[in-house]
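Survey of secondary and tertiary structure
Below, each chain spelled out in residue letters.
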Amino acid sequence: MTKFIFVAGGVMSGIGKGIAVASIGKILKSKGFRVTAVKIDPYINVDAGTMNPIEHGEVFVTDDGVECDQDIGNYERFLDDNLSSNNYITTGRVYQAVINRERNLEYKGKCVEVVPDIPNEVISRIKKAAKKNRAEFVLIEIGGTVGEYQNMLFLEAARMLKLQRPLSVLFILVSYLPIPKTIGEMKTKPTQYAARTLNSAGIQPDIILARASVALDESRKTKISIFCNISKKDVISAPDIASIYEVPINFEKENLGNRILKKFNLTSQKNNLKDWKALVKIIEQVEKPVKIGIVGKYFETGKFTLIDSYISIIEAIKHACWFYKRKPEIHWLSSGNFEKNPQSLKELKNYDGIIVPGGFGNRGVEGKIKAIEFCRKQKIPFLGLCLGMQLAVIEFARNVCGLEKANSAEFSKNCKERVIDVMPEQKVLLKEKKYGGTMRLGSYKCELKKGTKTWNAYKQLNISERHRHRYELNNEFKDVLETNGMIMSGINPEKDLVEIIEIKDHVFFIATQFHPEFKSRPLRPHPLFREFIKVAVQH
Ligand code: GLN
């Protein structure tokens with residue numbers, strides 16, 4: 001029977017609950033079990049697609065086109081699996097489903113109540129995820145921190161599932177132990193409170209993952225064991241480490257995998273972490289840097305730099321760098337700065353490669369176009385992603401094809417030279433203000449042109465990649481772009497849409513309408529990122 005492991009967070013957010021879940025999944029998979037992971041986000045938003053990336057971080061996209069939380073990306077990278085709509089639950093999705101069912105009279109005249117109908121819907125979704133993935137273990141990450149009003153119904157669902165299947169449900173609390181500077185000692189009290197808060201929701205944690213800047217000592221473990229009512233062996237020390245990919249190995253040092261199995265009366269002789277350990281070794285040893293600049297705008301928040309909005313791109317760069325045993329060195333270049341101060345474009349020469357990532361809206365667009373022009377002319381390896389491709393087309397149209405006013409309908413609605421335009425079905429959606437979940441989303445087929453640099457990277461003719469955009473290269477301008485030297489190296493056969501462009505006489509100038517970063521895996525870097533980094537290394 002499927003085993004369910006709920007993971008909740010205590011004390012504060014941002015302590016790596018998602019990575020902990022992904023790592024536990026990795027460990028159980030390495031022991032020969034079929035594992036899947038579900039993310040529960042307690043917000044009302046139906047999906048993450050409508051949220052500002054600066055506030056929420058990257059919007060990850062699955063094959064089946066769900067705009068979801070970045071943790072799903074972590075799960076995919078650690079589990080090396082493609083997840084789907086079934087792996088993502090939000091309060092919005094749950095309530096929407098229950099209300100729709102009520103409207104359809106499916107509750108047969110009953111009064112539909114928050115408890116038990118909402119937790120029941122949550123439970124049925126978790127079971128569905130188990131079934132669809134034929135999982136022996138389902139890890140369920142409950143977003144937020146225990147004690148928050150927002151995630152109470154999900155804890156309630158967890159409690160109710162345990163009641164249904166007492167031997168198949170486990171609770172893990174990921175907590176944080178601060179070491180206040182003025183005291184200089186690691187404090188366990190916030191973790192004790194977090195465990196008590198869980199207790200008051202009817203849940204006793206079975207295992208506590210104790211996040212802290214350093215490893216826990218024996219006396220802290222004893223304290224947590226006594227006050228939180230768990231065996232000392234189930235207090236797992238989880239200190240800060242340099243790379244997230246080390247986390248499964250660290251957990252294993254504390255015997256976490258076997259502790260979990262033991263609680264379910266299971267055993268396994270397998271321990272297939274060899275390749276993963278080899279990768280971690282490379283990560284620790286690489287020295288020679290590859291300097292990659294990302295020209296974006298979703299990282300400036302007040303005095304801080306927030307890189308969460310580009311997390312899959314960062315990971316994809318890292319995977320490719322490690323493949324070549326190089327040290328990834330990623331720099332954030334503000335597109336707005338290139339607008340205000342074109343002199344600063346020269347700085348782009350300091351990088352081995354430049355990426356212009358996806359984005360929405362006018363802000364920073366002209367700066368990105370300037371950066372692309374510089375990369376094209378100075379032959380700096382360039383990779384454009386989604387908006388990055390659209391802007392590369394605009395730049396080429398303006399500066400090579402002589403279409404001075406070329407633009408995208410997103411930025412200039414009535415411009416005549418709309419080299420990037422909105423598709424007819426998208427026009428209707430925009431008019432009706434149907435924004436949520438209506439972009440061109442998820443996996444679509446793409447046929448590559450033989451002999452191109454792109455084909456050379458993939459070494460196959462038919463690929464499929466994940467999308468998230470409303471605008472497309474306007475086929476009316478295909479001829480003029482091609483005549484001037486742009487190569488349409490990937491086409492979606494169903495709708496004849498240009499998915500990939502590259503240009504001749506350049507070391508590496510490739511841009512894609514899709515997001516290759518979503519499919520890069522630590523041990524299987526994405527072909528385009530791999531080629532990009534290969535050329536950057538030579539550069
Ligand atoms: N804003 C562009 C579009 O909607 C690009 C989107 C993106 O970069 N993900 O088509």
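These lines cover the structure that appears in this document, whether it is placed above or below.

1. Structural notes on the overall build of the protein chain
- Broken down by element type, the protein chain carries 19 helices and 23 strands.
- Across its three principal directions, the C-alpha atoms of the protein chain cover 75 × 60 × 45 Å.
- Sorting the 539 residues of the protein chain into buried and exposed places 58% on the buried side.
- Within the protein chain, counting contacts between residues at least 6 apart in sequence, those at least 24 apart form 73% of the total.
- Accessible surface, the protein chain as shown: approximately 23,400 Å² in total, 50% of it carbon and sulfur.

2. Considerations on helix α14 (residues 365-378)
- Its 14 residues place the ends of α14 20 Å apart at the C-alpha level, agreeing with the 20 Å of an ideal helix rising 1.5 Å per residue.
- Taken together, the buried positions of α14 are occupied by Val365, Gly367, Lys368, Ile369, Ala371, Ile372, Phe374, Cys375 and Arg376.
- Of the residues flanking the end of α14, it is Lys379, one or two places downstream, whose phi is positive at about 55°.

3. Details of the site of the ligand
- Around the ligand, a shell composed of Gly358, Gly359, Phe360, Cys386, Leu387, Gln390, Glu410, Arg468, His469, Arg470, Tyr471 and His515 is seen.
- With respect to the ligand, the side chain of Gln390 contributes an N or O atom lying 3.0 Å from an oxygen atom.
- A distance of 3.2 Å separates a nitrogen atom of the ligand from a polar side-chain atom of His515.
- Here the ligand loses 98% of its free accessible area of 300 Å² to cover by the protein chains.
- Using a 2 Å cut-off from the grid points, one finds that the ligand occupies the second largest pocket.

4. Side note on the side chain of Arg211
- The topology assignment puts Arg211 in strand β8 (residues 207-212).
- The class for Arg211 is buried, based on a relative accessible area of 18%.
- Among the polar contacts listed, one links the side chain of Arg211 to the backbone oxygen of Ile15, at a separation of 2.7 Å.
- Non-local contacts of Arg211, meaning those with residues more than four positions away in its chain, are made with Ile15, Val174, Ser175, Tyr176, Leu177, Ala238, Pro239 and Asp240.

5. Concerning empty space enclosed by the protein
- Per the stated rule, a full pass over the model turns up one cavity of 30 Å³ or more.
- Its volume calculated, the largest cavity comes out at about 40 Å³.
- Of all the secondary structure elements, the ones that give two or more residues to the lining of the largest cavity are β1 (3-9) and β7 (169-176).
- Broken down by element, the lining of the largest cavity gets its largest block of residues, three residues, from β1.
- Residues of the lining of the largest cavity, tallied by class, amount to nine nonpolar, no polar and no charged.

6. Section: the sheet that holds strand β20 (residues 471-473)
- Taken in spatial order, the three strands make up an open sheet running β16-β17-β20, and their pairing is mixed. Strands with a single pairing partner mark the edges of an open sheet, and in this sheet they are β16 (407-408) and β20.
- As defined by bridge partners, strand β17 (residues 418-422) adjoins β20 across three bridges and the pair is classed as antiparallel. Residue pairing across strands places Val422 opposite Tyr471, the latter belonging to β20.
- With respect to the sheet, helix α15 (residues 387-399) is in contact with β16, β17 and β20, its orientation differing from that of β17 by roughly 150°.

7. Regarding the sheet that holds strand β18 (residues 440-448)
- Pairing is mixed across the open sheet formed by nine strands, whose spatial order is β13-β10-β14-β15-β23-β22-β21-β18-β19. Edge strands, defined here as strands with exactly one partner in the open sheet, are β13 (327-334) and β19 (462-469). Neighbour-to-neighbour, the strand axes of the sheet open up by a mean angle of 25°, direction not taken into account.
- As judged from the eight bridges shared by β18 and β19, these two strands associate in the antiparallel manner. The partner of Cys446 across the bridge, within β19, is Ile463.

8. Topic: the nonpolar core
- Core analysis: the biggest nonpolar cluster contains 53 residues, and Ile5, Ile24, Phe137, Ile172, Leu209, Phe251 and Ile260 have the highest contact counts within it.
- Here this core gets seven residues from one element, more than from any other, and that element is helix α1 (residues 17-30).
- Not counting residues up to four positions away in its chain, the partners in contact with Phe137 are Thr2, Lys3, Ile5, Leu28, Phe33, Arg34, Val35, Thr36, Ile260, Leu261, Phe264 and Leu266.
- Within the second largest apolar cluster, 44 residues are counted, among which are Leu345, Ile394, Ala409 and Leu481.

Definitions and limits used
- Residues numbered from 1 in each chain as written.
- Predicted model: local features only at pLDDT ≥ 70, side-chain atom pairs only at ≥ 80, totals over all residues.
- Heavy atoms only, no water.
- Helix = DSSP H or I, 4+ residues; strand = E, 2+ residues; numbered from the N terminus.
- Buried < 20%, exposed > 50% of the residue type's maximum accessible area, 1.4 Å probe, protein only.
- Contact = heavy atoms within 4.5 Å.
- Areas by Shrake-Rupley, 256 points an atom, 1.4 Å probe, with all protein chains shown as cover.
- Expected span 1.5 Å × (residues − 1).
- Near = heavy atom within 4 Å.
- Polar contact = N/O pair within 3.5 Å; in protein donor to acceptor, adjacent residues only side chain to side chain.
- 1 Å grid on protein atoms, 1.4 Å probe; cavity = no way out; pocket = protein on both sides within 12 Å on 5 of 7 lines; lining within 4 Å.
- Sits in = over half its atoms within 2 Å of the grid points.
- Points joined across faces, edges and corners; volume = space filled by probe spheres on them.
- Nonpolar A, V, L, I, M, F, W, Y, C, P; charged D, E, K, R; others polar.
- Pairing = 2+ DSSP bridges.
- Axes fitted to C-alpha atoms, helices over the stretch in contact; angles between N-to-C directions.
- Core = buried A, V, L, I, M, F, W, Y, C linked by side-chain atoms within 4.5 Å.

No statement about biological role is implied by the geometric values presented.
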